[in-house]
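# Residue-level structure breakdown
Given next are the chains, with one letter for each unit.
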Amino acid sequence: MGKEGSILGAPKLEGLDPDFKVKAQQVIKKMKAKGWNLRVVWAKRTKEENDDLVKKGFASKNSKHLDGKALDLIDRKVGYSADRNHEYYKHLEEVTKEVGVKWGGSFRERWDPCHIEAK
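Residues numbered from 1 in each chain as written. Predicted model: local features only at pLDDT ≥ 70, side-chain atom pairs only at ≥ 80, totals over all residues. Heavy atoms only, no water.

## With respect to the side chain of aspartate 112
Within the secondary structure, aspartate 112 sits in the loop between β3 (102-103) and β4 (115-117). On the basis of relative accessibility, which here comes to 13%, the residue aspartate 112 falls in the buried class. Each residue touching aspartate 112, except ones within four places of it in the same chain, is listed here: Gly104, Gly105 and Phe107. (Helix = DSSP H or I, 4+ residues; strand = E, 2+ residues; numbered from the N terminus. Buried < 20%, exposed > 50% of the residue type's maximum accessible area, 1.4 Å probe, protein only. Contact = heavy atoms within 4.5 Å.)

Below you can see the structure in the form of structure tokens.
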């Protein structure tokens, strides 16, 4: 990983809403402290990128990624797991509550456990 103390996925975090970016960095730091090896999958995305994901059934037309107020974060070993009780998801839920952002694993319409977004 680069320099000690560098922020994981820093280039991908550019373009995020400034307030959400601070909280996203806090989530990343806390998850790393729990031993997770993280990768930022999506942060801010263009309308074209989002439209393509909507067509594939992976995003909503009104995604907070469009405004830079959402982030998808996976563990490099876990990836995306169908196991709703996976320890990674439990830790991510706990950390998002501490930091004050929404966790996609609590969504009613589409379970999205690797997603966090601004409240």
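## What about the side chain of aspartate 72?
Secondary-structure assignment places aspartate 72 in strand β2 (residues 70-75). Ignoring sequence-local partners within four residues, the contact set of aspartate 72 consists of Arg39, Val40, Val41, Trp42, Arg45, His65, Cys114 and His115.

## Digging into the environment of valine 22
Residue position: valine 22 is located in helix α2 (residues 18-33). Its relative accessible area of 44% is what places valine 22 among the partly exposed residues.

## A closer look at the environment of glycine 100
Within the secondary structure, glycine 100 is located in the loop between α4 (87-99) and β3. Sequence-wise, glycine 100 and valine 27 are 73 residues apart; in three dimensions their C-alpha atoms are separated by 9.5 Å. Look past the residues within four positions of glycine 100 in its chain and what remains in contact with it is Lys23 and Lys119.

## Quick look at the sheet that holds strand β1 (residues 38-42)
Ordered by their spatial adjacency, 4 strands build an open sheet running β1-β2-β4-β3, and the pairing between neighbours is antiparallel. Each end of this open sheet is capped by a strand with a single partner; those strands are β1 and β3. Of the strand pairs in this sheet, β1 and β2 are connected by 4 bridges, and their pairing is antiparallel. Bridge pairing in β2 links valine 40 to leucine 73. With respect to the sheet, α2 is in contact with β1, β2 and β4, its orientation differing from that of β2 by roughly 10°. (Pairing = 2+ DSSP bridges. Axes fitted to C-alpha atoms, helices over the stretch in contact; angles between N-to-C directions.)

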